[in-house]
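Listed below, chain by chain, are the residues.
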Amino acid sequence: MRIGVVADASCDLPADFYREHGIGILPVTIRLGDEQLVDERDPAATLRFYAEQLADKGFDAETVPLTAEQIRGRFLERLVLDYDYVFCITITATRSPIFENATKASFAILTDYKTPRSAAGVSGPFALRVVDSRNMFCGTGVLAAEAAQLVRKGAQPNEIRKRLDELRDHICGYMVPGDLYYIRNRGIKKGEKSVGLISYAIGSALDIKPVILCYRGETQPIAKIRSYERAVERMFEHVARQLEAGIDTRHLCISYGGDPGLVPGLPGYERLAAVAREQGIEILTSIMSATAAVNTGARCVAVAYGGELRSFGE
């Protein structure tokens, strides 16, 4: 059976990993005034976005995911021919309509797939499962990487489905934003109040940065630390301790709002990398998607793994 994995463009994984495992991408359109950028996880295009467009127009940017009909079209055009079973993994449904749109599309896809497969001489049934990662960015990457690695090992669909359903409730995602302005203004547009005006003013004046946790579809600040560098260091130190205590995946994902080549120089990374090597954990480092950048700004650092959620600092 030919099994495929598809993720939306906000899923942070290295470009080489996407290519090696043949992971498909559901693009996201970003509107910047009169301009549009289609985020398809092209590293060079994303770096240009950070350097040339985000600073000037990012505050007014808007992300536009594929509609259910557009997702249906993409599957019927190619994916139902290339695979017999596809796992479509999306950003948490609490943050985007992508999961809802993909779920709606799945009903039409499973009704209509026989015609294109028959025309192409492809026999047998086609199946599709849409999975809400209940996380975002590199947290979604943890789930997509697990699915891709299970496919590579020859796991059957039911085994993969059970593993993903179990793992998605135990993905711990952390991030430190480089600029609270993006977090606050995107939150206002979405009706959220995670960073209020007073908190933003105080945080900016004193250079206080939050460490934000994403877990089971919810996000919340779990620490407020003086200086970006110290916040990133504390976050990496916490994750290193979790690796020492034991996690449930053999990989963890890191993404950065800019050139990912800068990640090894971030405070706390050296120790995290050393612990990962000792524990046999692979670090998958990538550029944070343009879709994520609209919400978090440049220099945001995120890290995620599958495992037990423990209090920050433990």
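Criteria and thresholds
Residues numbered from 1 in each chain as written. Predicted model: local features only at pLDDT ≥ 70, side-chain atom pairs only at ≥ 80, totals over all residues. Heavy atoms only, no water. Helix = DSSP H or I, 4+ residues; strand = E, 2+ residues; numbered from the N terminus. Rg over C-alpha atoms; globule rule 2.2 N^0.38 Å. Buried < 20%, exposed > 50% of the residue type's maximum accessible area, 1.4 Å probe, protein only. Contact = heavy atoms within 4.5 Å. Areas by Shrake-Rupley, 256 points an atom, 1.4 Å probe, with all protein chains shown as cover. Lys, Arg positive; Asp, Glu negative; His and termini not counted. Charge placed at Lys NZ, Arg CZ, Asp CG, Glu CD. Pairing = 2+ DSSP bridges. Axes fitted to C-alpha atoms, helices over the stretch in contact; angles between N-to-C directions. Parallel < 35°, antiparallel > 145°, perpendicular 65-115°, else oblique. Left-handed = near helix turned anticlockwise from the far one by under 90°. 1 Å grid on protein atoms, 1.4 Å probe; cavity = no way out; pocket = protein on both sides within 12 Å on 5 of 7 lines; lining within 4 Å. Points joined across faces, edges and corners; volume = space filled by probe spheres on them. Nonpolar A, V, L, I, M, F, W, Y, C, P; charged D, E, K, R; others polar. Phe/Tyr/Trp six-rings, centres within 6.5 Å; stacked < 30°, edge-to-face > 60°. Lys NZ or Arg CZ within 6 Å of the ring centre and 35° of its normal.

Participant: What is the right way to read the overall build of the protein from this model?
Facilitator: The secondary structure content of the protein amounts to 12 helices and 13 strands. Over its C-alpha trace the protein gives a radius of gyration of 19 Å, about what one expects of a compact globule, namely 20 Å for 314 residues. Within the protein, buried positions represent 53% of all 314 residues. In the protein, the proportion of contacts linking residues at least 24 apart, taken out of those at least 6 apart, comes to 78%. Entry remark: accessible area of the protein is about 13600 Å², with carbon and sulfur atoms responsible for 49%. Of the side chains in the protein, 38 bear a positive and 40 a negative charge, and the two mean positions are spaced by 3 Å.

Participant: Even after reading the chapter, I still don't get the environment of Q220, so can you show me in this structure?
Facilitator: Mapped onto the elements of the fold, Q220 is located in strand β10 (residues 218-226). Taking relative accessible area as the criterion, Q220 reaches 44% and is therefore assigned partly exposed. Once the C-alpha coordinates of Q220 and P210 are considered, the two residues, 10 residues apart in sequence, prove to be 9.3 Å apart. Beyond its immediate chain neighbours, meaning those up to four positions away, Q220 contacts V211, I212 and L213.

Participant: Where do I start with the sheet that holds strand β3 (residues 28-32) in this structure?
Facilitator: Either a parallel or an antiparallel arrangement is found when strands of a sheet pair, and the pairing is made through backbone hydrogen bonds. Taken together, the 3 strands give an open sheet; going across it, the order is β4-β3-β5, and neighbouring strands pair in antiparallel fashion. Both outer strands of the open sheet, β4 (35-39) and β5 (62-65), are each paired with one neighbouring strand and no more. If you compare each strand with its neighbour and ignore which way they point, the axes differ by 25 degrees on average. The pairing of β3 with β4 spans 5 bridges and is classified as antiparallel. Each bridged residue has a counterpart across the sheet, and for R31 the counterpart in β4 is Q36.

Participant: What is the right way to read the sheet that holds strand β11 (residues 251-256) from this model?
Facilitator: The strand order across the open sheet built from 6 strands is β10-β9-β8-β13-β11-β12, with neighbouring strands paired in mixed fashion. The sheet terminates laterally at β10 and β12 (282-287), the two strands that pair on one side only. Going from strand to strand, the sheet's axes swing by 20 degrees on average, the running direction of each strand aside. On the sheet, helix α6 (residues 138-152) packs against β8 (171-176), β11, β12 and β13 (301-306) and is oriented at approximately 140 degrees with respect to β11.

Participant: Quick question: what am I supposed to make of the packing of helix α10 (residues 228-245) against helix α11 (residues 269-279) here?
Facilitator: For any two helices packed against each other, the geometry is given by the interaxial angle and the distance between the axes. At a minimum axis separation of 9 Å, α10 and α11 run at an interaxial angle of 10 degrees. The orientation of α10 with respect to α11, classified from their angle, is roughly parallel. Crossing of α10 over α11 shows left-handed handedness. Residue-level inspection shows F236, E237, V239, A240, R241, L243 and E244 of α10 in contact with α11, the latter providing Y269, R271, L272, V275, A276 and Q279.

Participant: So what exactly am I meant to see when it comes to the side chain of D84 here?
Facilitator: As for its placement among the helices and strands, D84 is situated in the loop between α3 (68-82) and β6 (85-90). Note on D84: relative accessible area 14%, which makes it buried. Once residues lying within four places of it in the same chain are set aside, the contact partners of D84 are M1, R2, R117, P125, F126 and A127.

Participant: Would you explain the environment of Q156 in this entry?
Facilitator: If you trace the backbone, Q156 turns up in the loop between α6 and α7 (157-167). By relative accessible area, which is 48% here, Q156 ends up partly exposed. Between the C-alpha atom of Q156 and that of T94, which follows or precedes it by 62 residues, the distance is 29 Å.

Participant: Explain the layout of surface pockets here, please?
Facilitator: Over the atoms, a rolled probe matching the size of one water molecule traces out where space is still vacant. Here the second largest pocket is characterised by a volume of approximately 180 Å³. In this structure, the second largest pocket is lined by V6, G22, G24, I25, L26, R74, E77, R78, L79, D82 and Y83. Elements that contribute at least two residues to the lining of the second largest pocket include exactly β2 (24-26) and α3. Looking at the lining of the second largest pocket, the element that brings in the most residues is α3, giving 5 residues. Classifying every residue of the lining of the second largest pocket by side-chain character gives 5 nonpolar, 2 polar and 4 charged.

Participant: Help me understand the environment of T67 in this model?
Facilitator: Considering the arrangement of structural elements, one finds T67 in the loop between β5 and α3. Along the backbone, T67 and Q279 are 212 residues apart, and their C-alpha atoms lie at a distance of 42 Å.

Participant: Please clarify how the packing of aromatic side chains should be interpreted in this entry.
Facilitator: Any two aromatic rings considered together are summarised by their centre-to-centre distance and by the angle between their planes. Counted under the stated rule, the structure contains 6 aromatic pairs. Measuring from ring centre to ring centre gives 6.2 Å for F49 and Y50, while their planes differ by 70 degrees; the resulting arrangement is edge-to-face. Residue Y50 is classed as buried on the basis of its relative accessible area, which comes to 9%. Look at Y174 and Y305: their rings are 6.5 Å apart centre to centre, the planes differ by 25 degrees, and that puts the pair in the stacked class. Here the residue Y174 occupies a position in strand β8, and Y305 occupies one in strand β13, the gap between them amounting to 131 residues. Judged by its relative accessible area of 0%, Y305 is buried. Three or more aromatic residues link up through ring pairs in this structure, and these residues are Y174, Y305 and F312. Above the plane of the ring of Y228 lies R299, whose end atom (NZ or CZ) is 4.0 Å from the centre.

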